[in-house]
Amino acid sequence: MKAVFTYVSEYMKVKNANSALSPFEEFAMVMMRLRLNLIEDDLADRFNVSQGTVSKIINSWLLVMAKCLSGLIVWPDRETLKSSMPMCFRKAFGTSVTVILDCFEIFVQRPSNLKARAQTWSSYKHHNTVKYLIGITPQGTVSFISSGWGGRTSDKFVTEAASTGFFDKLNPGDVIMADRGFNIGETSGIHQARVLMPAFMNGRSQLSATDVEETREIARVRIHVERVIGLLRRKFHILSDILSLSALQPQKTEDRSRIDQIVVICCALCNLCPPIVPLDDDGPRSG
């Protein structure tokens, strides 16, 4: 925590000498908001400042932290991926897997605008949500995170949207691991990449023995992306609550909304933790 504060605080504007809080107290306040999801009124009472001061402090620190920490979300080169490939991937798929994709959703308040309400409605979560495309390396670090999309948007559309920029990061021969909802094989082929996903029935009465075995191996290692998403929610409780609509609005002079900044910061800080898949890991164990 001190290392992150030392790095980020260098980019904060000159501190007002008459401010009631020190820079570290402000940073601690922001981390309490992210980690514990304490509301601004609660933080104002704890730090003996006004609610408006809390909001101003959080917005300014989120802006700087998102810019500074986004560099921790790195798309590794192929040699780095090969050298850090866990055994559970090596045994089943060699060293070809580049990224494991999934989407996760964050609940937001119900918009009063009918169009916005429809765009954010998630039939999967039965709630208004913002959806994010997340990609992790085989070892479990976040290597890609998109901007937020309305919960109604399909996984395929989020992945293929030009503004997402996911396919710009692929190299010929890369292998993407994804669930059935990511029907992106054609677009991946244009970039000379390949998609690994569980087999479809396609009218067959049952899967072949080869398809069954491959599907089992994919499910066995693809679960790591769900573990990363679960880790994000456990470490940062703000991602598990219903966020206000104000978090969806871009900050002044910024294209990125506050919720996008929060997600980037949480992913970056998770990357500072030990990887969830050790190099010698053979896969999930029972119990």
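Residues numbered from 1 in each chain as written. Predicted model: local features only at pLDDT ≥ 70, side-chain atom pairs only at ≥ 80, totals over all residues. Heavy atoms only, no water.

As for the pairing of strand β3 (residues 127–136)
Inclusion rule: Think of it in three bands: residues with accessible area under 20% of the maximum for their type are buried, residues over 50% are exposed, and the middle band is partly exposed, with areas taken using a 1.4 Å probe on protein chains only. The secondary structure listing takes helices from DSSP runs of H or I that are at least 4 residues long and strands from runs of E that are at least 2 residues long, numbered from the N terminus. Here the rule is simple: two strands pair whenever DSSP picks up at least two bridges between them.
Extensive coverage of β3 is indicated by the burial of nine of its 10 residues. When strand β1 (residues 97–107) meets β3, the two strands line up antiparallel, connected through eight bridges. Looking at β3, one finds that C103 is bridged to L133. Two elements, strand β2 (residues 121–122) and β3, share two bridges in a ladder whose sense is antiparallel. Bridge pairing in β3 places S122 opposite H127. Alignment of β3 against strand β5 (residues 149–150), held across two bridges, turns out to be antiparallel. Across the sheet, V130 pairs through a bridge with G150, a residue of β5. Note: β3 against strand β4 (residues 142–145), three bridges, orientation antiparallel. Paired with I134 across the bridge in β4 is I145.

Considerations on unusual backbone geometry
The phi dihedral of N48 falls on the positive side, at around 60°, and the residue is not glycine. Its place among the elements puts N48 in the loop between α3 (40–47) and α4 (51–69). Residue N48 is classed as exposed on the basis of its relative accessible area of 69%. Residue H126 is not a glycine yet carries a positive backbone phi of 55°. Among the secondary structure elements, H126 is positioned in the loop between β2 and β3.

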